[in-house]
Amino acid sequence: MTNFKWGSSSVRRMNGVNCILIEFANRLLEASPYDLTIGWMGGIRTVDQQQEIFLRGASKADGITRKSYHQSGNALDICISSKTIEGMYDKPKLNEVGAIGKEIWKEMSEQGLLNEYTPRWGGDFRGFYDPVHWELR
């Protein structure tokens, strides 16, 4: 158990996100050995925001013909808290957080909290490694 708490920007970025995903994020923050943050545009996204991310090559979803789970509030990007982009996307740390997160998904499933959803971690995606991405399908 850690003493980390979400910063005000992270709390704002979780506004409107599926409450089950917020519960997951809170459990992950508590269990993580690293302080975490919700990335810029890491919560709900508009079509324009999703297109911007798509055009930069940071998403396979264009926001129109292929929508992102962020657009429905069923995805969060949870990064390592750092002042640098490299620190936020530290692969070994994110893989460690990913393993912890998958255990939390398992616990939440056993508690009956995920009955209507299939949770996915972006670190397990084929062809598009996205270790900050967590979604409910």
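Above: the structure in question.
What counts, and where the lines are drawn
Here, residues in each chain are numbered from 1, in the same order as that chain's written sequence. Selection of residues for local features in this predicted model requires a pLDDT of at least 70, selection of side-chain atom pairs for listing and counting requires 80 or more, and totals for whole chains, interfaces and linings are taken over all residues. Hydrogens and water molecules were not included; the side-chain quantities draw on all heavy atoms of the structure. In this description, a line fitted to the C-alpha atoms serves as the axis of each element, helices being fitted only across the stretch in contact, and the angle between N-to-C directions of two axes falls anywhere from 0 to 180 degrees. Where helices and strands are cited, they refer to DSSP runs of H or I of at least four residues and of E of at least two residues respectively, numbered from the N terminus. An angle counts as roughly parallel when it lies under 35 degrees, as roughly antiparallel when it exceeds 145, as roughly perpendicular when it falls between 65 and 115, and as oblique in every other case. With the far helix as reference, a near helix turned anticlockwise by less than a right angle produces a left-handed crossing, and one turned clockwise produces a right-handed crossing. Any two residues whose heavy atoms approach within 4.5 Å at even a single point are treated as in contact. Residues were grouped as follows: Ala, Val, Leu, Ile, Met, Phe, Trp, Tyr, Cys and Pro as nonpolar; Asp, Glu, Lys and Arg as charged; and all remaining residues, including Gly, as polar. Side-chain atoms within 4.5 Å are what join buried Ala, Val, Leu, Ile, Met, Phe, Trp, Tyr and Cys residues into a set we call a nonpolar core. Note on exposure labels: buried denotes an accessible area under 20% of the residue type's maximum, exposed denotes more than 50%, and partly exposed covers the range between, all computed with a 1.4 Å probe on protein chains only. In this description, strands pair whenever DSSP reports at least two bridges between them.

Visitor: Kindly report on the packing of helix α2 (residues 19-31) against helix α5 (residues 91-110), identifying the contributing residues and their values.
Guide: Packed helices, taken two at a time, are described by the angle their axes make and the gap between the axes. At a closest axis distance of 10 Å, the pairing of α2 and α5 adopts a crossing angle of 130°. By the angle class used here, α2 and α5 are oblique. Handedness of the crossing formed by α2 with α5: right-handed. Residues Ile20, Leu21, Glu23, Phe24, Arg27, Leu28 and Ala31 of α2 pack against Val97, Ile100, Gly101, Ile104, Trp105 and Met108 of α5. Of the residues assigned to the contact of α2 with α5, the class counts are 10 nonpolar, 1 polar and 2 charged.

Visitor: Outline the nonpolar core, listing residues and values.
Guide: Core analysis: the largest hydrophobic core is formed by 26 residues, its most contacted members being Trp6, Phe24, Leu28, Leu36, Leu76, Ile78 and Trp105. Of all the secondary-structure elements, those providing two or more residues to this core are α2, β1 (36-38), β2 (75-80), α5 and β4 (133-136). With 6 residues, α2 is the single largest residue contributor to this core. In contact with phenylalanine 24, not counting residues within four places along its chain, are Ile78, Gly101, Ile104, Trp105, Met108 and Trp134.

Visitor: Describe in detail unusual backbone geometry, supporting the description with residues and values.
Guide: Not every positive phi belongs to a glycine, and methionine 41 is a case in point at roughly 60°. Exposure remark for methionine 41: the relative accessible area of 9% places this residue in the buried category.

Visitor: If you had to explain the sheet that holds β1 to someone new, which residues and values would you point to?
Guide: Read from one edge to the other, the open sheet built from 4 strands follows the order β1-β2-β4-β3, with strand pairing classed as antiparallel. Strands with a single pairing partner mark the edges of an open sheet, and in this sheet they are β1 and β3 (119-121). Recorded for the sheet is a direction-independent mean angle of 25° between the axes of neighbouring strands. Inspection of the sheet shows β2 paired to β4 by 3 bridges, in the antiparallel sense. Each residue of the ladder has a partner; that of leucine 76, found in β4, is tryptophan 134. Each of β1, β2 and β4 touches α2; the most contacted strand, β2, lies at about 15° to it.

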